[in-house]
Structures are given as structure tokens and as C-alpha cells.
Amino acid sequence: MSAHQRGTELDLSWISKIQVNQPAVLRRAEQIQARRPVKKEWQAAWLLKAVTFIDLTTLSGDDTSSNIQRLCYKAKYPIREDLLKALNMHDKGITTAAVCVYPACVCDAVKALKAAGCDIPVASVATGFPAGQTHLKTRLEEIRLAVEDGASEIDVVINRTLVLTGQWEALYDEIRQFRKACGEAHLKTILATGELGSLTNVYKASMIAMMAGSDFIKTSTGKETVNATFPVAIVMLRAIRDFFWKTGNKIGFKPAGGIRSAKDSLAWLSLVKEELGDEWLKPELFRIGASTLLADIERQIYHHVTGRYAAYHDLPMS
């Protein structure tokens, strides 16, 4: 990833004018979902591209060091070697974009990736994930400890209460402090859009997060009842576009939660391409947070190469 963005001054006059046209957003979301996906070799090419955007994630209460090792191995070798050879892609260095773990697992992930001889970044969730309802001092310390342990990306959660009660200055100040605590690590700000109440709030929270210095804005923790949806994504992508037009700063986008099928991943790539253009289709500006998506992409590539679907044991986790 390139150097992180510094953010801008808080512009409340911009925030106060925002009103999202919900029916228009829902119509646009329906259009995206009605699209016919690409087929055959074009589909295989897009799916391999999707792999390079995945933040391969494990955020379970029963994560162990061996789970983390397996995850890291899979991040380095996401698609079986023989399948890549059949597509003549075995020498292209295809890996996932990052691995994403809890703060206490960062050391294990850094060690496993080092042992595998690769420089895939480690992302850590932080700031009282997933609810964000711990003391600010604790949340900031959690960021610092994850960075000390070797995380180069921090996925923070915002305090949703500040959005629901319209405390935009307080939200800006908190994210500013997160940015400072990250040091040289990249800041990915999770908005938990399923808990923000309205699409207008989603746009405002997106804008505040970018003004405060976020390198990425992310839809969800994956733990809410509603996670990454197309209407929310459209609003966030338009906010990213508006921020770019106003400041010249390119901010990344990360949908997460509920993205499980290869077909889903293609729809997300298509949406980003249409809303922001090809220049956003790179891991520095687009990620997909997922734990089970990679398995389905590998199944589809297996089918493309062999003409049949893989049995469960054909494509183990690692």
C-alpha cells in the first residue's frame, strides 16, 4: 500500500447539506443485481483478480495458532497449483491481499507469513471490535499494541452512537485519534452500516471517516444482522467519488460480511468498476473482507478447468 492519507479539516457545512435519494439508490442496486455475470475464461480471469482483493479473515472465538498458520498458508497459496498451471497463471504470484485477525493473533500471523517467506500484510481488527463500546483509552491502546505486534493495517470500528445522535465532531475527533495511534499502519474504518439507521447517515459517516484520515472505509464487521449490501455500497462509493473530486485523495473501499459466493464477488468488482473506474480495481483501493468466499472461487475455477465440481476433500483449506 502507498503512504496513508492525512485527512482534511472537518467541514460540517458539507455534512449538513447531505440528503440521499433512497429510491434512486435502490433502483441502481436492483440494476446491479439483475446483471448477467461473465462466463467461461472471462469469468475465470475475473475470479483470479477477485482473489487478489480478498482480506482472508478469521474472527472466531476459537481461533488458535494452528488455525492462523493454515489461514496464512492459504493466503499465500489461495488456488491449487495445478489449476493455476492449467490457466497459465502459476507464475503470476497470485496471493490474497492480506490476512485479517484479532489483535491477540497478530504475532502468530506475522510469524506464519514470515516462515512462508511472503510479505502479505497482516490486518488486525481493533477498537473494541465488533461493538466499539469500550473506553476510548482502551480502544487506542488496542491499536498501538496491534501495530507493535506487526500489524500494518488496522480495521477499526466506529462508535455507532455518535452517528445515531448526530455527534459528527466527536466522531471526527475519535477517528483522528485512531489515525494517530496507527502511526505508519493503514487505517480501515468500519462503519457498521447495518446499525446506522439511514442511507443519509451512511454517507455522512463515510465522509467524516475520510475527512478524519481513513485510508479505507469498510461496510461492516460481519457480526451485524445486516452486512454488506448494494444500496449501502452505492452510497459509500459515491461518497468516495465526491471526496476525491473535492480533495484529490483516493480512499479505498472494503465490503465485508455475507460475501460468500464467487458470483457475489463478480458483482462487487463490477459495481466498483462502474462507480469509480478501473483505477480503483487494485488492492491499494479495493478489498473484500471474507472467510468462506475463497473456497467458492476455487471451486468455480476447478469447474472451469476440469468441467466438474470439486468434492469437499478436493479443495481443503490448506
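Residues numbered from 1 in each chain as written. Predicted model: local features only at pLDDT ≥ 70, side-chain atom pairs only at ≥ 80, totals over all residues. Heavy atoms only, no water.

(A) Main features of the overall build of the protein chain. The secondary structure content of the protein chain amounts to 13 helices and 8 strands. Against the compact-globule benchmark of 20 Å for 318 residues, the protein chain has a radius of gyration of 19 Å, which places it among compact chains. Looking at the protein chain as shown, the accessible area adds up to about 14300 Å², and 51% of this sits on carbon and sulfur atoms. For the protein chain, the centre of its 40 positive side-chain charges and the centre of its 35 negative side-chain charges are spaced 4 Å apart. (Helix = DSSP H or I, 4+ residues; strand = E, 2+ residues; numbered from the N terminus. Rg over C-alpha atoms; globule rule 2.2 N^0.38 Å. Areas by Shrake-Rupley, 256 points an atom, 1.4 Å probe, with all protein chains shown as cover. Lys, Arg positive; Asp, Glu negative; His and termini not counted. Charge placed at Lys NZ, Arg CZ, Asp CG, Glu CD.)

(B) Geometry of the pattern of salt bridges. Enumeration over the complete set of coordinates arrives at 23 salt bridges. It is possible to trace a salt-bridge network through shared partners that takes in D55, E153, D155, K188, K218, K254 and R287. (Salt bridge = Lys/Arg side-chain N within 4 Å of Asp/Glu carboxyl O.)

(C) Spatial organisation of the environment of T165. Mapping T165 onto the fold places it in the loop between α8 (160-164) and α9 (168-182). When the C-alpha positions of T165 and A262 are compared, they lie 38 Å apart, and in sequence the two are 97 residues distant. Within polar-contact distance, the side chain of T165 engages the backbone oxygen of T161 at 2.6 Å. (Polar contact = N/O pair within 3.5 Å; in protein donor to acceptor, adjacent residues only side chain to side chain.)

(D) Just unusual backbone geometry, in detail. Cis geometry marks the peptide bond from F129 to P130; its omega dihedral reads 0 degrees. Within the fold, P130 resides in the loop between β3 (122-126) and α7 (136-148). In this model, N88 sits at a positive phi of 60 degrees, which is unusual for a non-glycine residue. If you trace the backbone, N88 turns up in the loop between α5 (81-86) and β2 (98-101).

(E) Seen up close, the packing of aromatic side chains. Under the criterion given, the structure shown has 7 aromatic pairs. Relative to W280, the ring of F244 has its centre 5.6 Å away and its plane inclined at 80 degrees; by these criteria the two rings are edge-to-face. In this pair, F244 is assigned in helix α11 (residues 230-247) and W280 in the loop between α12 (262-276) and β8 (288-290), connecting sequence segments 36 residues apart. Exposure remark for F244: the relative accessible area of 24% places this residue in the partly exposed category. Assessed through its relative accessible area of 2%, W280 is described here as buried. Through pairs of rings, three or more aromatic residues link up here, namely F53, F230, F253, W268 and F286. In this structure, K246 is placed above the aromatic ring of W14, and the distance from its NZ or CZ to the ring centre is 4.3 Å. (Phe/Tyr/Trp six-rings, centres within 6.5 Å; stacked < 30°, edge-to-face > 60°. Buried < 20%, exposed > 50% of the residue type's maximum accessible area, 1.4 Å probe, protein only. Lys NZ or Arg CZ within 6 Å of the ring centre and 35° of its normal.)

(F) Just the sheet that holds strand β1 (residues 54-57), in detail. Spatial strand order, β7-β6-β5-β4-β3-β2-β1-β8: 8 strands in an open sheet with parallel pairing. Edge positions in the open sheet fall to β7 (252-254) and β8, since each of these has one partner strand only. Neighbouring strand axes in the sheet, compared pairwise and without regard to direction, differ in orientation by 25 degrees on average. One ladder, built from 4 bridges, connects β3 with strand β4 (residues 153-157); its direction is parallel. Counterpart to A126 in the pairing with β4 is V156. The sheet strands contacting α7 are β3 and β4, and the helix crosses β4 at an angle near 160 degrees. In the packing of helix α13 (residues 293-306) onto the sheet, the strands contacted are β1 and β8, and the crossing angle to β1 comes to about 120 degrees. (Pairing = 2+ DSSP bridges. Axes fitted to C-alpha atoms, helices over the stretch in contact; angles between N-to-C directions. Contact = heavy atoms within 4.5 Å.)

(G) Structural view of the UniProt feature "active site" (unreviewed entry) in the protein chain. Within the UniProt annotation, "active site" (unreviewed entry) is assigned to K218 and K254. For this annotated set, covering 37 residues, all C-alpha atoms fall within 4.5 Å of each other, a compact arrangement in space. Examined against the element boundaries, K218 turns out to sit in strand β6 (residues 216-218). Every residue in contact with K218, bar those within four places of it in the chain, is listed here: D155, T189, I190, L191, A192, M236, K254 and A256. A distance of 2.9 Å separates the side chain of K218 from the side chain of D155, its partner in a polar contact. The residue K254 is located in strand β7 in this model. K254 gets classed as buried once you look at its relative accessible area, which sits at 0%. Not counting the four nearest positions on each side in its chain, K254 is found in contact with D55, C100, D155, K188, F216, I217, K218, T219, R287, I288 and G289. A polar atom in the side chain of K254 sits 2.9 Å from the side chain of D155. (UniProt positions renumbered as here; feature names shortened; annotations may be inferred.)

(H) Structural detail: the nonpolar core. Ranked by internal contacts, the top residues of the largest apolar core, which has 99 residues, are I79, I154, M207, F253, W268, F286 and I297. Per-element tally for this core: the top contributor is α11, with 10 residues. With near-sequence residues (within four places) excluded, M207 lies in contact with W14, I15, A239, D242 and F243. Formed by 7 residues, the second largest nonpolar core is a distinct cluster that contains L59, A123, F129 and V157. (Core = buried A, V, L, I, M, F, W, Y, C linked by side-chain atoms within 4.5 Å.)

(I) Region of the structure containing the pairing of β4. Burial runs high along β4: 5 of the 5 residues are buried. On β4, burial covers both faces: E153, D155 and V157 on one face and I154 and V156 on the other are all buried. Running through α7, the crossover from β3 to the neighbouring parallel element β4 is right-handed. (Right-handed = clockwise from strand over helix to strand, strands pointing away.)

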